[in-house]
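Reading the structure
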Amino acid sequence: MAYDPKTCADGPDSLHAHAWEPFFEKPTEEEIAKNFVNTSKVVCKESKIVPGARGVFAAVDIKKGEIVEWGIAVIIPGLSVHSSDQFYTWTSHDQGPSAPCATVSGVALFYNTEGDKSNCRCVPYHTERRFEVYALQDIPAGAELTIRYDSMNWRESMAEVRGIVGTLAGSHNQKKDA
């Protein structure tokens, strides 16, 4: 049976549900249970996109829809996603100053973005405190991997990034009125 993102514990209107694409090849629960963190297809080194920063690169050829990596998230109590662009927003609905912030395992902190033109997508499982990254296109070994920063349209700390790559399309990425 095909995976239905609307059945995710995060809910049918979550960032998880909006991030999911029907062509993604989801790993089994057994695969994830054997190893909560899998970075076997990626390496982290100096970015070609952002001078002086780190980036994530394909260690092997990766096909469209293939999982790139998966890992776990740890909530950072008391840190606002509005004060830093270095961490993940760990909520689908809270855009306020208390929106949960998380650090993640693997090389996930080092993906740069090309906005809606990014070649990968991070699918968060907020309730389960884990994530999966999938290829949106065929990616050759050695290519730098990028993801959309789904909260960048409404995070004050992402103003500089928006100035470089523009704002994201999709109503789920927009700032909600308080």
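Let me sum up the structure you'll find in this document. (Residues numbered from 1 in each chain as written. Predicted model: local features only at pLDDT ≥ 70, side-chain atom pairs only at ≥ 80, totals over all residues. Heavy atoms only, no water.)

So, on to the overall build of the chain. Looking only at helices and strands, the chain has 3 helices and 8 strands in total. Moving toward the C terminus, one meets the helices and strands of the chain in the order α-α-β-β-β-β-β-β-β-β-α. The 178 residues of the chain split such that 48% are buried. Counting only contacts in the chain whose residues sit at least 6 apart along the sequence, the fraction spanning at least 24 positions is 67%. On the chain, roughly 9100 Å² of surface is accessible, and the fraction owed to carbon and sulfur atoms is 54%. (Helix = DSSP H or I, 4+ residues; strand = E, 2+ residues; numbered from the N terminus. Buried < 20%, exposed > 50% of the residue type's maximum accessible area, 1.4 Å probe, protein only. Contact = heavy atoms within 4.5 Å. Areas by Shrake-Rupley, 256 points an atom, 1.4 Å probe, with all protein chains shown as cover.)

Next up on the list: the sheet that holds strand S1 (residues 42–46). Read from one edge of the open sheet, 3 strands run S1-S2-S8, paired in antiparallel fashion. On the outer flanks of this sheet lie S1 and strand S8 (144–145), each paired with one strand and no other. Bridging between strand S2 (residues 54–58) and S8 involves 2 bridges; their strand directions are antiparallel. Pairing of phenylalanine 57 across the sheet is with glutamate 144, part of S8. (Pairing = 2+ DSSP bridges.)

Before going further, it helps to examine the side chain of serine 105. Among the structural elements, serine 105 can be located in the loop between strand S5 (101–104) and strand S6 (120–125). We classify serine 105 as buried; its relative accessible area is 16%. Separated by 2.9 Å, the side chain of serine 105 and the backbone nitrogen of isoleucine 72 make a polar contact. Setting aside residues no more than four positions away along its own chain, serine 105 makes contact with Val37, Glu69, Gly71, Ile72 and Phe131. (Polar contact = N/O pair within 3.5 Å; in protein donor to acceptor, adjacent residues only side chain to side chain.)

This brings us to the pairing of strand S7 (residues 130–135). Across the 6 residues of S7, 6 count as buried, placing the element largely inside the fold. Across the two faces of S7 the burial is the same, with Arg130, Glu132 and Tyr134 and Phe131, Val133 and Ala135 all buried. With 5 bridges connecting them, strand S3 (residues 67–75) and S7 associate as antiparallel partners. When the sheet's bridge partners are listed, tryptophan 70 is paired in S7 with glutamate 132.

The residue glycine 55 is located in strand S2 in this model. Here glycine 55 falls in the buried class, since its relative accessible area comes to 0%. Along the backbone, glycine 55 and threonine 146 are 91 residues apart, and their C-alpha atoms lie at a distance of 8.3 Å. Residues in contact with glycine 55, not counting those within four places in the same chain, are Val43, Cys44, Lys45, Glu46, Ser47, Phe110, Asn112 and Glu144.

A few words on the pattern of salt bridges. Under the defined criterion, the tally for this structure stands at 5 salt bridges. The salt bridge partner of lysine 26 is glutamate 132, with a shortest N-O separation of 2.9 Å. Taken together, the positions of lysine 26 in the loop between helix H1 (15–19) and helix H2 (29–34) and glutamate 132 in strand S7 put the pair 106 residues apart, joining distant regions of the chain. With its nearest N and O atoms 2.7 Å apart, the salt bridge here joins glutamate 66 to lysine 41. Taken together, the positions of glutamate 66 in the loop between S2 and S3 and lysine 41 in the loop between H2 and S1 put the pair 25 residues apart, joining distant regions of the chain. (Salt bridge = Lys/Arg side-chain N within 4 Å of Asp/Glu carboxyl O.)

Bringing the packing of aromatic side chains into the picture now. Throughout the structure, instances matching the rule amount to 2 aromatic pairs. Taken together, a centroid distance of 5.2 Å and an interplanar angle of 80° make the contact between phenylalanine 23 and phenylalanine 24 edge-to-face. Between phenylalanine 24 and tyrosine 134 the ring centres are 4.4 Å apart and the planes differ by 5°, which places this aromatic pair in the stacked class. Highlighted residues: phenylalanine 24 in the loop between H1 and H2 and tyrosine 134 in strand S7, separated in sequence by 110 residues. Overall, the relative accessible area of 0% leaves tyrosine 134 in the buried class. What links up through ring pairs into an aromatic cluster is the set Phe23, Phe24 and Tyr134. (Phe/Tyr/Trp six-rings, centres within 6.5 Å; stacked < 30°, edge-to-face > 60°.)

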